[in-house]
2 protein chains.
Amino acid sequence: MNEFEAIDLIVSRLGSAARGHNVVVGTGDDGAVVRFASDEEVVVTSDVLVEGRHFPKRTPGDLVGYRSVAVNVSDLVAMGSRPRYMTVALTMEAADKDWLYSFADGVRVCCMEVGLTVVGGNLTRGPKSVAITALGSVGADCYLRRSGANEGDDIWLTGRIGATSVALSRMADPASYSLEELMSKRHCDPVAAYFLPTPRVEFALQVSGMASSATDVSDGLASELKQLAKHSKCGMQVEVGVLEFWHETHIPKALNDDDSYELLFTANQAMRNEVTKVGESTATPLTRIGRVNSKTTNVVFLQDGEPLEVGRGYSHF
Amino acid sequence: MNEFEAIDLIVSRLGSAARGHNVVVGTGDDGAVVRFASDEEVVVTSDVLVEGRHFPKRTPGDLVGYRSVAVNVSDLVAMGSRPRYMTVALTMEAADKDWLYSFADGVRVCCMEVGLTVVGGNLTRGPKSVAITALGSVGADCYLRRSGANEGDDIWLTGRIGATSVALSRMADPASYSLEELMSKRHCDPVAAYFLPTPRVEFALQVSGMASSATDVSDGLASELKQLAKHSKCGMQVEVGVLEFWHETHIPKALNDDDSYELLFTANQAMRNEVTKVGESTATPLTRIGRVNSKTTNVVFLQDGEPLEVGRGYSHF
């Protein structure tokens, strides 16, 4: 199988995830041509997943495919945008037909779930990695940013954090898992939650008008809170006791080396009931975890009334 | 230097290449927000460059940066679009400050040359590679495609082909080259042409209304002609004698393992003078290399009146 045959194989396996009504030119040319409405702004985000770092060696293609798309969707969600189009560039040492089929399946499942259309990509030989760029649409000036939190705002977090460290410590041979099996367990099994982060698309779209700032948890909650604090020029105080973890004994790790891809955001206290209602109507687990508490940019975790030392967050270098 | 410091360093070094007036939210958030005019369509293309495959080991950062941007611009050009925004995702084993500075310099130089603004990116640890997604804008229905060539059309090619094989066979230690030195030699030295492909932006924008189909030479001229033939459902006949090569003795290789990133396009014979004028007014070397000659999709290279066997084109697998 050469490169062009492999690309044809992936595109055919993507099926309707590679076709959309605003796609003027899709896969198969030098570039894609896509259309946005005249009152929409375009959100762009790129993330690369490297084997052995963002997913274990021997991870089946469908889990790599789903996770790669979900990680990028998470950034679109954090900007308050609707997922629209994406390109996927896959690098691998050999064009393994079964793995490519499986990878395309995982990409397709996540794309269909969130409304993304694959419009292009690239296949290259080299150490295995997936580079995705996702485009979202948002009404003019309706996007969310890391800046914008105000003193007194509530701090909110969807879902549970800490899946990464629990999953990596409990995981069997990654090759033993499949998308089909894990899909039904993603809300109760940390391994499933790690491979298949739940995109919070509908929740974020409905809550975006109420939120003052937002980001997603891709480098640990501690680090993300620091980003909100820095960009918003505010302090953040979080009650560790109310946080929802996948496993209680991993708390320091869960606040740092964690990419749960949950949505972290702030909102005025007057919005508390509205925010809660959006959580209920979209069946999104939601916790009010603390408060924007000062004009200085420190982040404090309180456990039983005492500050907890949590470390520096994840860095690749 | 951690990941966030390294990203700050790159962004500051990009300078005005990371700022544009239609960039609503630039680097530093979960995603960028960019604006297109209401009568514009959005062209999207992604390409990954892997060390040891798309550029040699020990290549200085500025050459990797320039080449990575130029390769993506080449796809935007082939679609007849104007380069607008890009994201750049860099993967490397260690955050080497000097190399990052140099890389950012190369990205900046190419971006400024073609009018691209860097709006986001990613820095990950792993085997060295660069994944870029570039967005271009094009008037509604003004884009070019690989399809559209008609029987009797002229086939045109910008610049010279075959730099890749000549450059790789003549190259000294890649670490001995610099962007500054090669920039002035890109039109006379195959090593310079290999590292620094000349983006044909202005030429393509002016010629796009005259062209019937287009693509860029990223996998050898033979392979690209086959793509035009396949998508346009036409045959292509090219005179080897009129082709401009970097080195005559490498002809079979130059038609196959070659990523010169020149623009290959077809246009009605009635446009011949107009096309020539655009070449002259934009100082773009331009050759009429053959003709779309039939309704069958074969590609024939003629040398002294005899068909030349040229092989299958480059494939990664």
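Source: prediction; values computed, not measured. (Residues numbered from 1 in each chain as written. Chains lettered and ligands numbered in written order. Predicted model: local features only at pLDDT ≥ 70, side-chain atom pairs only at ≥ 80, totals over all residues. Heavy atoms only, no water.)

A. Just the side chain of Ser260(B), in detail. All names here are of chain B. Assignment of secondary structure puts Ser 260 in the loop between helix H9 (251–254) and strand S10 (263–267). In terms of polar contacts, Ser 260 uses its side chain to reach the backbone amide nitrogen of Gly 162, at 3.3 Å. Look past the residues within four positions of Ser 260 in its chain and what remains in contact with it is Arg 160, Ile 161, Gly 162, Ala 163, Thr 164, Pro 197 and Val 217. (Helix = DSSP H or I, 4+ residues; strand = E, 2+ residues; numbered from the N terminus. Polar contact = N/O pair within 3.5 Å; in protein donor to acceptor, adjacent residues only side chain to side chain. Contact = heavy atoms within 4.5 Å.)

B. Inspection of the pattern of salt bridges at higher detail. All names here are of chain B. In this structure the tally under the stated criterion is 34 salt bridges over all chains. Glu 113 serves as the salt-bridge partner of Arg 186, at 3.4 Å between the closest nitrogen and oxygen. In this pair, Arg 186 is assigned in the loop between helix H5 (179–183) and helix H6 (190–195) and Glu 113 in helix H3 (residues 97–114), connecting sequence segments 73 residues apart. Looking at Glu 113, the relative accessible area reads 38%, which means it is partly exposed. For the salt bridge of Lys 277 with Glu 274, the shortest nitrogen-to-oxygen distance reads 3.9 Å. (Salt bridge = Lys/Arg side-chain N within 4 Å of Asp/Glu carboxyl O. Buried < 20%, exposed > 50% of the residue type's maximum accessible area, 1.4 Å probe, protein only.)

C. Quick look at the interface of chain A and chain B. Each partner contributes to the interface: chain A provides 63 residues, whereas chain B provides 63 residues. Counting across the interface, chain A meets chain B through ten salt bridges. Between Asp29(B) and Arg146(A) there is a salt bridge, and its shortest N-O distance comes to 3.8 Å. For the pair chain A and chain B, the number of links is 23 residue pairs in polar contact (both at pLDDT 80 or more). A total of nine residues in the side of chain A that touches chain B trace back to one element, the largest contributor, which is strand S3 (residues 40–50) of chain A. Grouping the amino acids of the side of chain A that touches chain B by side-chain chemistry returns 27 nonpolar, 20 polar and 16 charged. Here S3(A) pairs with strand S2 (residues 32–34) of chain B via three bridges, running antiparallel. Bridging across to S2(B), Val43(A) finds its partner in Val33(B). (Nonpolar A, V, L, I, M, F, W, Y, C, P; charged D, E, K, R; others polar. Pairing = 2+ DSSP bridges.)

D. Focus on the sheet that holds strand S13 (residues 306–308) of chain B. Residue and element names in this part refer to chain B. If you trace the seven strands from one edge of the open sheet to the other, you get S8-S10-S7-S11-S9-S12-S13, paired in mixed fashion. Because the sheet does not close on itself, it has two edges, and the strands there are strand S8 (211–216) and S13. Along the sheet, successive strands turn relative to each other by an average axial angle of 30 degrees, direction set aside. Note that strand S9 (residues 235–239) and strand S12 (residues 299–303) share four bridges and pair parallel. Looking at S12, one finds that Glu 239 is bridged to Leu 302. Relative to S8, helix H2 (residues 61–78) is tilted by about 165 degrees, and along the sheet it contacts S8 and S10. (Axes fitted to C-alpha atoms, helices over the stretch in contact; angles between N-to-C directions.)

E. Examining the relation of the copies chain A and chain B more closely. Relative to chain B, chain A is turned by 180 degrees and slid 0.0 Å along the rotation axis, the superposed coordinates differing by an RMSD of 0.0 Å. Overall, the copies show the geometry of a two-fold rotation axis. Residue Ser38(A) of chain A places its C-alpha closer to the rotation axis than any other residue of that unit, at 2.2 Å. (Least-squares fit on C-alpha atoms with pLDDT ≥ 70 in both.)

F. Quick peek at the nonpolar core. Residues Val69(B), Met86(B), Phe195(B) and Phe265(B) are the most contacted members of the largest nonpolar core, which totals 68 residues. By residue number, the principal contributor to this core is H2(B), which donates ten residues. Sequence-distant contacts of Phe195(B), that is, excluding residues within four places in its chain, are made with Pro56(B), Thr59(B), Leu63(B), Tyr66(B), Arg67(B), Met171(B), Tyr177(B) and Leu182(B). Listed in part, the 67 residues of the second largest apolar core include Ala70(A), Val107(A), Leu182(A) and Val275(A). (Core = buried A, V, L, I, M, F, W, Y, C linked by side-chain atoms within 4.5 Å.)

G. Region of the structure containing the packing of aromatic side chains. Residues and elements named next belong to chain A. Here the structure, examined in full by the defined rule, presents twelve aromatic pairs over all chains. A centroid spacing of 6.1 Å and a plane angle of 50 degrees characterise the contact between Tyr 177 and Phe 195, whose relative ring orientation is tilted. A residue pair is termed long-range when its members are at least 10 positions apart, and Tyr 177 in the loop between helix H4 (163–170) and helix H5 (179–183) and Phe 195 in helix H6 (residues 190–195) qualify at 18 residues. Taken as a pair, Tyr 177 and Phe 195 share a single burial class, namely buried. Seen in terms of ring centroids, Phe 203 and Phe 265 are 5.8 Å apart; in terms of plane orientation they differ by 55 degrees. Their pairing is tilted. Linking Phe 203 in helix H7 (residues 201–207) with Phe 265 in strand S10 (residues 263–267), this pair joins segments that are 62 residues apart in sequence. Look at Phe 203 and you get buried, because its relative accessible area is 1%. (Phe/Tyr/Trp six-rings, centres within 6.5 Å; stacked < 30°, edge-to-face > 60°.)

H. Spatial organisation of the side chain of Glu41(A). Within the element layout of this structure, Glu41(A) appears in strand S3. Reaching out from Glu41(A), the side chain makes a polar contact with the side chain of Arg35(B) at a distance of 2.3 Å.

I. Expanded view of H2(B). Residue and element names in this part refer to chain B. Over its 18 residues, H2 runs 26 Å from end to end, which matches the ideal 26 Å to within 8%, given 1.5 Å per residue. The buried fraction of H2 amounts to 18 of the 18 residues, a majority that puts the element mostly inside the structure. Downstream of H2 by a residue or two, Gly 80 has a phi angle that is positive, lying close to 75 degrees. (Expected span 1.5 Å × (residues − 1).)

J. Seen up close, the state of the cysteines. Residue and element names in this part refer to chain B. Going through the model one piece at a time under the given rule, you end up with zero disulfides over all chains. This cysteine, Cys 111, is not joined by any disulfide, and Cys 110 carries the nearest cysteine sulfur, 6.4 Å off. In this structure Cys 111 comes out as buried when scored by relative accessible area, which is 0%. (Disulfide = S-S within 2.5 Å.)

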